[in-house]
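What follows is each chain in one-letter form.
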Amino acid sequence: MSATGSGTGRTREDRTLGELVAGQLLRLCRESGLARTDAETYARLLTDSLGAVAERPLRLPPPSRTFLSDDSTPVEFSLSFTPDAPASVRVLLEPGCGTGSLRENGRAGLDAVRSMARRWGFATDRLDALEDLFLPPDPQGPLALWIALELRPGGVPKVKVYLNPAAAGPSRAAGTIREALDRLGHRRAFDALPPADAYPFFALDLGDWATPRVKIYATHRGLPLTAVGHLCRTENRPDSALLEEFLRTVGGFDGTTGSPSAAAVRFDRRPVLTCHSFTRTTGGPTGFTLHVPVRDYARDDEEALRRALTVLGRHGLDTGSLARSLTAVTPRSPRDGVGLIAYVALAHERGRPPRVTTYLSSEAYEVRSPNTSSNIPPTGGEATRSTSGARICMEPYRIKVVEPIALTTREQREAALERVHYNLFDLRAEEVTIDLLSDSGTGAISAAQLAAGMEGDESYAGSRSFYRFHETVTELTGYRHILPAHQGRAAERILFNTLLEPGGIVLANTHFDTTRANVELSGCQAHDIPCVEARDLDSERPFKGNIDLDRLRSTLEGPDGSRVRVVIMTITNNGGGGQPVSMENLKQTAEICRRHGVPMILDAARFAENAWLVTRHEEAYRGLTPRQVAEEAFRLADGCVMSAKKDGIVHIGGFIGLNDPELAEKCERLLIATEGFATYGGLAGRDLDMMATGLLEVTEPAYLAERADVASHLADRVRAAGVDILEPPGLHALYLNAGRLLPHIPPHHYPGHALACRLYLEGGIRSAELGSLYLGEEDEDGNPTKSAPYELVRLALPRRVYTRSHYDHVGRTLERIAKNAASVHGYRIFEQSPILRHFRAKLQPVTN
Ligand SMILES: Cc1ncc(COP(=O)(O)O)c(C=O)c1O
């Protein structure tokens, strides 16, 4: 929708960008009480700083696709309100918006700052010291340099410069900020900041400021209302209730005050931004600002205005001038669009009363139509919920590449089963319609991961890909030493061969099978000590993946205590039904391990899914994002082994993270000898890049919410079919209780395997038996000596691969099987290998 004329004779389209924004600024200055001469100086300064694009007629499209505003106007105004003073006017602009490349854009920005510095006699040394960091020779988007001017009486503005921390790539943003803060003398300042999804800006005050600031802006995607108190890191923190009240008002969640659903309210449209400012080189940040993109949470500007006025009134600030200022910018009615008020911000600075700022768009090119329920996504407050408590949403992606799946006949499947001696591992994948054998390495990569892979640096040593991977993993886990490995079991082999000596004991909430195999190959015993609730398949207790703390204590204090070399915490607990481990259990385990001088290592294959379930079910963590929980979990342990084929969403990849330098050095030696050099660990550069990107995507709340929802959708279908599952359903798999469905099949005829074969025969669905075929034992004559505690079938859910309609097919197939359960027959093994027999065993049906 095009902006309309202002009734001055010439149509708006005939005018230039410079004329429009200078006029808007003049009127805003007048409204704020600035002298006419000052206002004219500032209007000229604005058009001069824009350069040639100021002359551009408005009928032409925007000079570049700047993200400074939604319609790409390279100018934004703001009004800052403090008590007992008229609002002060500021203007943000992109001097390089008309240049052909981001690099030239940055150069033009620097020239503009330096010309202002010469004109008003201020130093740019702080900016000069950072030039190589933020304006590298081949900068990445989305911005290079913006300037903000605070317009004071006297014609000399205060100047702020905004730089892009992701100029060397998004994965380098945190490192760039850390280095920039260091160079400015704010050593270790970065560590004071809260976790964030991204860092869009690094800002510097230049010129005549009493206390010039360095400011770090961070985005917090999907921020829960109740988490805001955790984000502020200043010494004298504002009351969390005040911050929440501000978010509630501006986000339009007032109706949820005190209601049970208040905890569920999330800012899951455009993210909330925080800004921490540093004015001194010791003692942490002194300022904290919350920026809410009100335009994505309000129907129209009338609603946004009402909310801004409520906030102003609450803080005793001028409520008269904001509406007049809107009229100074545009003649359109606030009801006719949304985005004129882009952000509302609340700032707390040491020793000053709270300040409220409203950001106003110029709308030179476009007015955004009012939001309706059909053109914006629902917020957390409005969303309906599935039985799992996860938000019902939709796949947060669309499909770009498809792969046909096999649609086979029952006769073909019958023949295939016979050919492979009823071992589903031996089927060709093209004979399977829905493959739920594993969630490992079977996920769909995103376009961003593919693009990152294309950037892969295939140098033998020290590739850019390695450093991108290293930085991402270091930020996520906090471990001092990171070694890539081609997959989880390679990481396990290297760590255990280095750490373990024959005769030792390893304790775990439950060892995954390759973990157990690697422990045993190192000459040690692997003992599982899951919590007692884990034994009850039907219990809906939320943290059935926990370790049994009493048994952990008693083992460590008992006669075998000195043989315990390491405690493994598998998150989520795959061998224990994909159940999560609570943060409380992790904390207590870490504490017990520390007391006994035993390292605690995470098997972190599904760290993000564990973190998601923690945010849903552990009271103290409800307000945090999955990323925040994951960061904390990694930091509780001494290290980790990771199969990135799960929560790295890659087809191949893994790593070891360790704090102990000596252990890391020994592992590195073995890595180099058996996997590859320490900067690739058996992987290609593209694999490292795709893994780094996947590790960032996997903690996205929308992705995890959808994954939880799909799992609970399938769980509902399976229960409705009359098949019991291991409760509660996790995220990566459902475990069907085959023992209960097929009581007529004894353990040594493998009811789980029987169900898995029937699922394939009936519906072309491949699953994995986790029962007596996997865990049972027989003597030399084939007589059963040990059966599994439960006869289960795992339906693993590949990431981003199947939709609800595929899972509905699984539900319908199970329904048919359950109706005719008595007809399902067992199997007997006629050939097997001594270890991990389920992979290679050959079987035949047992028919009466
Ligand atoms: C919990 C857990 N740990 C370790 C592994 C081994 O990882 P990989 O298959 O990458 O060797 C797996 C694989 O399924 C797993 O689920």
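On a predicted model such as this, the values are computed, not experimentally measured, just so you know. (Residues numbered from 1 in each chain as written. Predicted model: local features only at pLDDT ≥ 70, side-chain atom pairs only at ≥ 80, totals over all residues.)

Overview of the overall build of the chain
- Secondary structure assignment for the chain yields 28 helices and 28 strands.
- Its C-alpha atoms give the chain a radius of gyration of 30 Å, within 12% of the compact-globule value 29 Å for 848 residues.
- Viewed in the frame of its principal axes, the chain has a C-alpha envelope of about 105 × 55 × 50 Å.
- Counting only contacts in the chain whose residues sit at least 6 apart along the sequence, the fraction spanning at least 24 positions is 70%. (Helix = DSSP H or I, 4+ residues; strand = E, 2+ residues; numbered from the N terminus. Rg over C-alpha atoms; globule rule 2.2 N^0.38 Å. Contact = placed C-beta atoms within 7 Å.)

A word on the pairing of strand 9 (residues 272-278)
- Within strand 9, seven of the seven residues are buried, which leaves it mostly tucked inside the rest of the structure.
- Taking every second residue as pointing to the same face, both faces of strand 9 are buried, with V272, T274, H276 and F278 on one and L273, C275 and S277 on the other.
- Bridge analysis of strand 6 (residues 214-220) against strand 9 gives seven bridges, and the strand direction is antiparallel. In the strand pairing of strand 9, Y217 is matched with C275.
- Examined bridge by bridge, strand 9 and strand 10 (residues 287-292) share five bridges and lie antiparallel to one another. When the sheet's bridge partners are listed, S277 is paired in strand 10 with G287. (Buried ≥ 20, exposed ≤ 12 C-beta atoms within 10 Å, placed from the backbone. Pairing = 2+ DSSP bridges.)

Digging into the environment of A218
- Turning to its location among the elements, A218 is positioned in strand 6.
- Between the C-alpha atoms of A218 and L586, which are 368 residues apart in sequence, the distance is 28 Å.
- What A218 contacts, discounting residues up to four positions off in sequence, is L193, A196, Y199, L273 and T274.

Some thoughts on the domain arrangement of the chain
- Per the domain assignment, the segments making up the chain are domain 1 (12-361), domain 2 (410-439 + 702-845) and domain 3 (482-676).
- For domain 2 versus domain 3, the separation of C-alpha centres amounts to 27 Å.
- In this complex, domain 2 contributes 15 residues to the contact, which on the side of domain 3 involves 18 residues.
- Those elements that provide at least two residues to the side of domain 2 that touches domain 3 are helix 23 (701-720) and strand 21 (733-737).
- No other element matches strand 21, which puts three residues into the side of domain 2 that touches domain 3. (Domains from an automatic or database assignment.)

Here's the deal with the nonpolar core
- Among the nonpolar cores identified, the biggest contains 248 residues, and L46, A633, I656, L734, L736 and L755 are the most heavily contacted of them.
- For this core, the element with the highest residue contribution is helix 23, accounting for nine residues. (Core = buried A, V, L, I, M, F, W, Y, C linked by C-beta atoms within 7 Å.)

Quick notes on unusual backbone geometry
- Put simply, I571 and T572 share a cis peptide bond, and its omega is -20°.
- With an omega dihedral of -15°, the bond running from E727 to P728 counts as a cis peptide bond.
- Checked against the element boundaries, P728 lands in the loop between helix 23 and strand 21.
- The backbone phi angle of S72 is positive, close to 70°, even though this residue is not glycine.
- Secondary-structure assignment places S72 in the loop between helix 2 (36-50) and strand 1 (75-81).
- Overall, S72 belongs to the partly exposed group, with 18 C-beta atoms counted inside 10 Å.
- Unusually for a residue other than glycine, D84 sits at a positive phi of about 55°.
- Relative to the helices and strands, D84 resides in the loop between strand 1 and strand 2 (88-93).

A short note on helix 9 (residues 301-314)
- The end-to-end C-alpha separation of helix 9 is 20 Å, in line with the 20 Å expected for 14 residues at 1.5 Å each.
- Listed as buried for helix 9 are D301, A304, L305, R307, A308, V311 and L312. Seen end-on, helix 9 carries its buried residues on one side only, within an arc spanning 165°.
- Along its buried surface, helix 9 packs onto strand 1, helix 8 (240-251), helix 10 (321-329), strand 11 (341-349) and strand 12 (355-361).
- Positive backbone phi, at 70°, marks G316, one or two positions downstream of helix 9. (Expected span 1.5 Å × (residues − 1). Arc of directions from axis to C-beta.)

A closer look at the site of the ligand
- With respect to spatial proximity, 14 residues lie near the ligand, and among them Q487, G488, R489, F512 and S643 are the closest.
- Taken together, the residues of the shell around the ligand break down into two nonpolar, nine polar and three charged. (Near = placed C-beta within 6 Å. Nonpolar A, V, L, I, M, F, W, Y, C, P; charged D, E, K, R; others polar.)

Some details on the sheet that holds strand 3 (residues 145-151)
- Strand order around the closed barrel formed by ten strands is 1-2-3-4-5-6-9-10-11-12, with antiparallel pairing between neighbours. Averaged over all adjacent pairs, the angle separating strand axes in this sheet is 20°, with direction ignored.
- Judged from the six bridges that link them, strand 3 and strand 4 (residues 158-163) form a sheet pairing that is antiparallel. Within strand 4, the position partnered with L149 by the bridge is V159. (Axes fitted to C-alpha atoms, helices over the stretch in contact; angles between N-to-C directions.)

Structural notes on the packing of helix 25 (residues 751-763) against helix 27 (residues 804-819)
- At a closest axis distance of 10 Å, the pairing of helix 25 and helix 27 adopts a crossing angle of 110°. When the interaxial angle is binned, helix 25 and helix 27 end up roughly perpendicular. In the crossing of helix 25 with helix 27, the sense of the turn from one axis to the other is right-handed. Across the interface between the two elements, R758, L759, E762 and G763 from helix 25 touch H809, V810, T813, R816 and I817 from helix 27. (Parallel < 35°, antiparallel > 145°, perpendicular 65-115°, else oblique. Left-handed = near helix turned anticlockwise from the far one by under 90°.)

Observations regarding the packing of helix 16 (residues 549-557) against helix 17 (residues 583-595)
- The interhelical angle for the contact between helix 16 and helix 17, taken along N-to-C directions, is 5°, at an axis separation of 11 Å. On the basis of their axis angle, the class for helix 16 and helix 17 is roughly parallel. Between helix 16 and helix 17, the contacting residues are L549, L552, R553 and L556 on the first element and Q588, T589 and I592 on the second.
- Considered class by class, the residues forming the contact of helix 16 with helix 17 number four nonpolar, two polar and one charged.

Overview of the environment of P396
- Within the secondary structure, P396 is located in the loop between strand 12 and helix 11 (410-419).
- Given 15 C-beta atoms within 10 Å, P396 falls into the partly exposed group.
- Taking C-alpha positions, P396 is 29 Å from E431, a pair spaced 35 residues apart along the chain.

Considerations on the UniProt feature "domain: Aromatic amino acid beta-eliminating lyase/threonine aldolase" (unreviewed entry) in the chain
- As recorded in UniProt, the feature "domain: Aromatic amino acid beta-eliminating lyase/threonine aldolase" (unreviewed entry) lies at residues 435-810.
- Taken end to end, residues 435-810 has its terminal C-alpha atoms 11 Å apart, with 44% of it in helix and 15% in strand. (UniProt positions renumbered as here; feature names shortened; annotations may be inferred.)

Some words on the sheet that holds strand 14 (residues 481-485)
- Pairing within the open sheet is mixed, and its seven strands lie in the order 14-20-19-18-17-15-16. The open sheet terminates on both sides in strands that have one partner only, identified here as strand 14 and strand 16 (525-528). Strand after strand, the sheet turns through a mean of 20° between neighbouring axes, direction not considered.
- Sheet topology note: the strand 15 (residues 505-508)/strand 16 ladder contains four bridges and is parallel. Bridge pairing in strand 16 links V506 to A526.

Here we look at the confidence of the model for the chain
- For the chain, per-residue confidence averages 92 on the pLDDT scale, and 95% of positions sit at 70 or higher.
- Counting contacts from residues 1-8, a segment whose pLDDT is below 50, to residues more than four positions away or on other chains yields 13 contacts.
- The low-confidence segment residues 256-260, where pLDDT is below 50, has seven contacts with residues more than four positions distant or belonging to other chains. (pLDDT = per-residue confidence, 0-100.)

Considerations on the pairing of strand 16
- Side-chain alternation along strand 16 places A526 and D528 on a buried face and Q525 and H527 on a face that remains uncovered.
- For the handedness criterion, the β-α-β arrangement of strand 15, helix 15 (residues 513-521) and strand 16 is classed as right-handed. (Right-handed = clockwise from strand over helix to strand, strands pointing away.)

Describing the environment of W146
- Inspection of the secondary structure puts W146 in strand 3.
- Owing to 24 C-beta atoms within 10 Å, W146 belongs among the buried residues under this scheme.
- Between the C-alpha atom of W146 and that of N164, which follows or precedes it by 18 residues, the distance is 9.2 Å.

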